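# Understanding the architecture of this molecule
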Number of protein chains: 2
Amino acid sequence: MTRPVKHWDLALQLDIGGADQPLFVCIARGLEQAVAQGRLGAGARVPGTRQLAAALGVHRNTVIAAYRELLAEGYLESRVGLGTFVAASLPESKPRRFGKPPPLPGLARTLGYALGAQAVQAPGYVPVPRGTLALYGGLPDVRLLPRAALARAYRRALADPATLSYGDPAGHPRLRQALASMLSATRGLAIGEQDLVVTRGSQMALALCARVLLSAGDVVAVEQHGYAPAWQALRAAGARLCPLPLDAHGLSVDALATLCETEPVRAVYLTAHHQYPTTVTLSASRRLALLALARRKRFAILEDDYDHEFHYEGRPILPLASADTAGSVVYIGTLSKVLAPGVRIGYVVAPAPLLGALVAQRFYLDRQGDQATEAAVAELFEDGEVQRHVRRARRVYRARRDLCAHLLARSFGDELSFRVPPGGMAFWIKARRGLPVERWLGCAQREGVLFQPGRLFDFEQRASPFLRLGFAGLDERELVEAMRRLQRARKQARG
Amino acid sequence: MTRPVKHWDLALQLDIGGADQPLFVCIARGLEQAVAQGRLGAGARVPGTRQLAAALGVHRNTVIAAYRELLAEGYLESRVGLGTFVAASLPESKPRRFGKPPPLPGLARTLGYALGAQAVQAPGYVPVPRGTLALYGGLPDVRLLPRAALARAYRRALADPATLSYGDPAGHPRLRQALASMLSATRGLAIGEQDLVVTRGSQMALALCARVLLSAGDVVAVEQHGYAPAWQALRAAGARLCPLPLDAHGLSVDALATLCETEPVRAVYLTAHHQYPTTVTLSASRRLALLALARRKRFAILEDDYDHEFHYEGRPILPLASADTAGSVVYIGTLSKVLAPGVRIGYVVAPAPLLGALVAQRFYLDRQGDQATEAAVAELFEDGEVQRHVRRARRVYRARRDLCAHLLARSFGDELSFRVPPGGMAFWIKARRGLPVERWLGCAQREGVLFQPGRLFDFEQRASPFLRLGFAGLDERELVEAMRRLQRARKQARG
């Protein structure tokens, strides 16, 4: 029976080599150093003498002598019945900040060069402040998720110790089976578990595809408005990106054909179902033209179908992959919207030789997925929990979309123009001249509401009269309140 | 109240464009196609007429007419009280194997070139057969893990919906705090949560470091015997690897100094504490020499301290990072041995500019970790569960090490020579000439026991008289049985 102890064995740098000092002094100096380095903060409890003696392999009396020394010097103080503590009155110690290396030759200077060669723009993570309503486009309402069922499934997954060991880098077999069934039934893809690899969300799916398909300098066509982190994943693999215009029917396949005349286009990355961020669906004639062009010019189509499930008008459009007879399409999906972004599960469906290379890349990058999470999510599929959740979420999101359209029209009249999206989780809105988007956003932030300015989605990050406004993540009461705050912010932005 | 349904809405490719066929025929042909593609297997239940009619947005009578057509044609059969099914007697349908694209021009052919450019060797995942005892070096005994506590912590983590949303790509703040405390106390690193990034195990830690620190053609020194997936991660970033000799004091720093005379060494990757796989600890004098050399030659030291906790003789040796005053050392650790490989949590401690670049790379590769898992593991640290588990596992593994040493000596006498490792989870064993390792392994596999041949760890993958034999993952009864099987296999290998 072990006693619960909430601290770690303390590692001391003891300079015991020199015979000129007794052992207890060495230990005292080691503890002093730990305090000076900030590893033992003022007021922190030090280990018991018995425990430290055992850890150091010395007699307990030696540790007692060292502690007495430090008590005398005022480094430590003893509290009756509680133990021994670092003195609370010590001048606040400044731990050596590993983050700020001293100005010596070394990694800190060499770094400049290395980062120069591989630099990517840091994303700058800023959490949404508490109380702020984020009308972000990519956020599902994770409160709808059957969390108790997920927790139960996770517990059951852990019951098998094998789940905690090394496993298949292609993903847990049960999850691959569940995903293959879902894709067979709903996406017109006649596939089995051997035809897909499980990834960490669509971001890793895309990063893996980029690394396997592309070489430095390869040309990849993308949509003029799109998902910047996807572009970065392509760039990280050395791709040269060429943006293509969009219109009410989606990506201009004519422009792509023209590009193919002058450039050896190696791949096109697109969001055909609900174009990100404009929500437009690629028209049937363009789908056929794109597939024919890919076949003729032998480029790969990276189809990112990130929110297939959330289509509110008629049936969802089957993906390009379902109509692909030439093996041109690499199909990327995710459970980030179906379940939650935090679950980090995505997948790639691809022809066998590509799939093998993807699994190898995944292995050297990440070994394998979190098997317990993968097994738990597989169970939610097997029990129909995911299916039920998707149906419910779709109903809820449709109602929120309609409410949001109503509120936007009522609150902003013709200042904002938009079309009600047939699917997805966001409106793509054009603000009239009199309402400058960036200024409005600044005021909105102070009012406690956030949306995404069009600039974030533009290939050149140009200022834009557009904005993206997500409706799925907030409930009706929150949407009404968010709209009120947006109205107040508008007043300030115009005033 | 939704009814539990365990199948997905069926997506049909309906060719309704042509006015020459009535709607019910289109639906019948769509279903036929789904059967032909193998998306609806023989004997599968088809959706109810009401459900399909709602999904397709047609009158229920139209679906009834389509089903009647298919019943008449023998595609479907009706079972009283059960519903309508795809006929069980249909010739077995062959789904289009996405894995085997038809021999058309397209991705399948283009692929050859792309894979050639970025090819990495596939790891070839082979699960351990049921009943086989795997004496694998890197496997902790996950049965010792406080799984019930982990499951409870996971459930509590899910109670906060924010855990399921987007979060900090550097890792959950609570986990970073817990890891920083542990590293401060046990590794002599005076760091705070801002000084580390959480990764997916040490594999991703290393892949990120390689991508951020290296450019194509950069020279990286490695140990002659080592961890092949680490080498692959370095190679994937374009590194040219130079193996260095090892002896009883670890990596030869003299050989590294010589290499530096002729090559611009950019980094050295090593396992200083318990050298992988030889279990040797880098000697104090070589540690100092290595740090001085790194400072003078301005290369980075990638220190992979994968099993720091499991040291059985005296105190664990503090890492190189704790003695580094120049910012040369990038310190990589993992919870794969502390907790379990399946949990997939590792970390990198590095100077600030490098850390920022690592987080950016992580973002574009994987967005963020699994926040629920990270929060759950943080709770296990906060409650002292991890600390308690480590102490217990250390005691258990030490006993297993001693048992294993005893059994090896008793069963194999001087056929095998080894030294009892001061830490880690495996023996590094040399087999005498008369016992060919590869043949022995072949026989062992048939007897239901596995070990790792030395070839796997050699930089050139040369046949070798060495083998690695892990002792941590099996309990005493299993170790005794494994040794019996190894003896039987030896007889066959020699006979």
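In this text, all values refer to a predicted model and were calculated from it rather than measured experimentally. (Residues numbered from 1 in each chain as written. Chains lettered and ligands numbered in written order. Predicted model: local features only at pLDDT ≥ 70, side-chain atom pairs only at ≥ 80, totals over all residues. Heavy atoms only, no water.)

On to the overall build of chain A, then. Helices and strands together make up the secondary structure of chain A, namely 15 helices and 17 strands. Partitioning the intrachain contacts of chain A with sequence separation of at least 6 by distance along the chain shows that 70% fall at a separation of at least 24. If you sum the accessible surface of chain A, you get close to 19100 Å²; carbon and sulfur atoms cover 53% of it. (Helix = DSSP H or I, 4+ residues; strand = E, 2+ residues; numbered from the N terminus. Contact = heavy atoms within 4.5 Å. Areas by Shrake-Rupley, 256 points an atom, 1.4 Å probe, with all protein chains shown as cover.)

So, on to the sheet that holds strand E17 (residues 466-470) of chain A. Each strand in a sheet pairs with its neighbour through backbone hydrogen bonds, running either in the same direction (parallel) or in the opposite one (antiparallel). All names here are of chain A. Judged by pairing direction, the sheet is antiparallel, and its four strands sit side by side in the order E13-E14-E17-E16 without closing on themselves. The sheet terminates laterally at strand E13 (416-417) and strand E16 (452-453), the two strands that pair on one side only. Here strand E14 (residues 426-431) pairs with E17 via five bridges, running antiparallel. Within E17, the position partnered with Ile429 by the bridge is Leu467. Sheet contacts for helix H13 (residues 385-412): E13, E14 and E17; angle to E14, the most-contacted strand, approximately 15 degrees. (Pairing = 2+ DSSP bridges. Axes fitted to C-alpha atoms, helices over the stretch in contact; angles between N-to-C directions.)

Let us look at the nonpolar core. Among soluble globular proteins, nonpolar side chains are generally buried collectively. One finds Leu256(A) and Leu256(B) to be the most contacted residues of the largest nonpolar core, which totals 119 residues. The residues contacting Leu256(B), other than those within four sequence positions of it, are Ala221(B), Leu244(B), Val265(B), Val268(B), Leu290(B), Leu293(B) and Phe299(B). (Core = buried A, V, L, I, M, F, W, Y, C linked by side-chain atoms within 4.5 Å. Buried < 20%, exposed > 50% of the residue type's maximum accessible area, 1.4 Å probe, protein only.)

All names here are of chain A. Under the definition given, this model contains 25 aromatic pairs over all chains. Ring plane angle 55 degrees and centroid distance 5.1 Å describe the contact between Phe310 and Tyr397, whose orientation is recorded as tilted. In this pair, Phe310 sits in the loop between strand E10 (300-304) and strand E11 (329-334) while Tyr397 sits in helix H13, placing the two residues 87 residues apart along the sequence. Pair check on accessibility: Phe310 and Tyr397 agree, each one buried. Ring plane angle 90 degrees and centroid distance 5.2 Å describe the contact between Phe363 and Tyr364, whose orientation is recorded as edge-to-face. Among the aromatic residues, those joined into a cluster by ring pairs are Tyr227, Tyr276, Tyr306, Trp428, Phe457 and Phe466. (Phe/Tyr/Trp six-rings, centres within 6.5 Å; stacked < 30°, edge-to-face > 60°.)

Take the pairing of strand E17 (residues 466-470) of chain B next. Residues and elements named next belong to chain B. The element E17 is extensively covered by neighbouring structure, given that four of its five residues are classed as buried. As defined by bridge partners, strand E16 (residues 452-453) adjoins E17 across two bridges and the pair is classed as antiparallel. Bridging across to E17, Pro453 finds its partner in Leu467.

Bringing the state of the cysteines into the picture now. As used here, a disulfide is simply a covalent bond connecting the sulfur atoms of two cysteines. Under the defined criterion, the tally for this structure stands at zero disulfides over all chains. The cysteine Cys209(A) is free of any disulfide, with Cys260(A) supplying the nearest cysteine sulfur at 19 Å. In this structure Cys209(A) comes out as buried when scored by relative accessible area, which is 0%. Of the cysteine sulfurs around Cys242(B), a residue in no disulfide, the closest is that of Cys260(B), at 10.0 Å. (Disulfide = S-S within 2.5 Å.)

Most peptide bonds adopt trans geometry, and most residues besides glycine take a negative phi value. In the segment running from Tyr276(A) into Pro277(A), the intervening peptide bond is cis, with an omega of 10 degrees. Take Pro277(A): it is sitting in the loop between strand E9 (265-270) and helix H10 (284-297). Of note, the phi angle at Arg367(A) is positive, near 65 degrees, even though the residue is not glycine. Inspection of the secondary structure assignment puts Arg367(A) in the loop between helix H11 (352-366) and helix H12 (371-382). With phi around 55 degrees, Gln461(B) is a residue other than glycine that occupies positive phi space. For Gln461(B), the location among the structural elements is in the loop between E16 and E17.

Our next topic: the packing of helix H5 (residues 147-158) of chain A against H12(A). Residue and element names in this part refer to chain A. Direction vectors running N to C along H5 and H12 enclose 125 degrees, while the axes themselves pass 8 Å from each other. Considering the angle they form, H5 stands oblique to H12. By crossing handedness, the relation of H5 to H12 is classed as right-handed. Contacts between H5 and H12 involve Ala149, Leu150, Ala153, Tyr154, Arg156, Ala157 and Leu158 from the first element and Ala372, Thr373, Ala375, Ala376, Val377, Glu379 and Leu380 from the second. (Parallel < 35°, antiparallel > 145°, perpendicular 65-115°, else oblique. Left-handed = near helix turned anticlockwise from the far one by under 90°.)

With that out of the way, let us pick up helix H2 (residues 49-56) of chain A. Residues and elements named next belong to chain A. Taken residue by residue, H2 has Thr49, Leu52, Ala53 and Leu56 as its buried positions. Down the axis, H2 shows its buried residues gathered within 100 degrees of arc, on one side only. Exposed and oriented more than 90 degrees from the buried face of H2 are Arg50 and Ala54. Buried residues belonging to H2 abut helix H1 (23-36) and helix H3 (60-73). The positive-phi residue at the C-terminal boundary of H2 is Gly57, with phi of around 70 degrees. (Arc of directions from axis to C-beta.)

It is worth spelling out the sheet that holds strand E6 (residues 240-244) of chain B at this point. Residues and elements named next belong to chain B. With mixed pairing, the seven strands of this open sheet are ordered in space as E4-E12-E11-E10-E9-E5-E6. The outermost strands of the open sheet, each flanked by one partner alone, are strand E4 (196-199) and E6. Put simply, the sheet's adjacent strands are angled 20 degrees from each other on average, direction ignored. Looking at chain direction, strand E5 (residues 219-223) and strand E9 (residues 265-270) are connected through three bridges and run parallel. Bridging across to E9, Ala221 finds its partner in Val268. Helix H11 (residues 352-366) contacts E4, strand E11 (329-334) and strand E12 (346-349) of the sheet and is inclined by roughly 25 degrees relative to E4.

Residues and elements named next belong to chain A. Of the residues in chain A, 88% reach a pLDDT of 70 or more, and the chain-wide mean stands at 86. Across residues 1-6, where pLDDT falls below 50, the model places twelve contacts with residues more than four positions away in sequence or in other chains. Every residue in residues 92-121 scores below 50 in pLDDT, and together they form 74 contacts with partners more than four places removed in sequence or on other chains. For this predicted complex, the interface confidence score (ipTM) comes to 0.81, while the overall pTM stands at 0.82. (pLDDT = per-residue confidence, 0-100.)

All names here are of chain A. Within E9, six of the six residues are buried, which leaves it mostly tucked inside the rest of the structure. Where E9 lies against E10, four bridges are found, and the strand directions are parallel. Across the sheet, Tyr269 pairs through a bridge with Leu302, a residue of E10. On the question of chirality, the crossover connecting E9 to the parallel E10 by way of H10 is right-handed. (Right-handed = clockwise from strand over helix to strand, strands pointing away.)

Positionally, Glu478(B) belongs in helix H15 (residues 476-494). Contacts of Glu478(B), omitting those with residues within four sequence positions, involve Leu133(B), Arg143(B) and Gly473(B).

Residue and element names in this part refer to chain A. Evaluation of the coordinates by the stated rule reveals 52 salt bridges over all chains. Linking Arg187 and Asp305 is a salt bridge whose minimum nitrogen-to-oxygen distance equals 3.9 Å. In this pair, Arg187 sits in helix H6 (residues 173-187) while Asp305 sits in the loop between E10 and E11, placing the two residues 118 residues apart along the sequence. Taken individually, Arg187 and Asp305 each receive the classification buried, so the pair is uniform in this respect. Here the salt bridges share partners, and the residues they tie into one network are Asp141, Arg143, Arg400 and Glu478. (Salt bridge = Lys/Arg side-chain N within 4 Å of Asp/Glu carboxyl O.)

Below, the discussion takes up helix H8 (residues 228-236) of chain A. Among the residues making up H8(A), those that are buried are Pro229(A), Ala230(A), Trp231(A), Gln232(A), Ala233(A) and Leu234(A). Looking at the buried side of H8(A), the elements it contacts are helix H7 (201-213), strand E5 (219-223), strand E6 (240-244), E9 and E10 of chain A together with H11 of chain B. Gly238(A) sits one or two residues past H8(A) and shows a positive phi near 100 degrees.

Below, the discussion takes up the environment of Leu320(A). With respect to the helices and strands, Leu320(A) occurs in the loop between E10 and E11. Residue classification places Leu320(A) among the buried residues on the basis of a relative accessible area of 1%.

On to the environment of Val198(A), then. Its location among the elements puts Val198(A) in strand E4 (residues 196-199). Each C-alpha atom of the pair Val198(A) and Leu179(A) lies 9.0 Å from the other, and the pair is 19 residues apart in sequence.

As a further point, take the packing of helix H7 (residues 201-213) of chain B against H11(B). All names here are of chain B. For the pair H7 and H11, interaxial distance at closest approach is 9 Å and the crossing angle is 115 degrees. Between H7 and H11, the angle falls in the class roughly perpendicular. Considering the relative orientation of H7 and H11, their crossing is right-handed. Across from Met204, Leu208, Cys209, Arg211, Val212 and Leu213 in H7, the residues of H11 making contact are Leu354, Ala357, Leu358, Gln361, Arg362, Leu365 and Asp366. For the contact of H7 with H11, a count of residues per class yields nine nonpolar, one polar and three charged. (Nonpolar A, V, L, I, M, F, W, Y, C, P; charged D, E, K, R; others polar.)

Let's shift gears to the environment of Leu335(A). All names here are of chain A. Residue placement: Leu335 occurs in the loop between E11 and strand E12 (346-349). Along the primary structure Leu335 and Ser202 are separated by 133 residues, whereas in three dimensions their C-alpha atoms are 8.6 Å apart. When sequence neighbours within four positions are dropped, the list of residues in contact with Leu335 reads Leu179, Ala340, Ile345, Val377 and Phe381.

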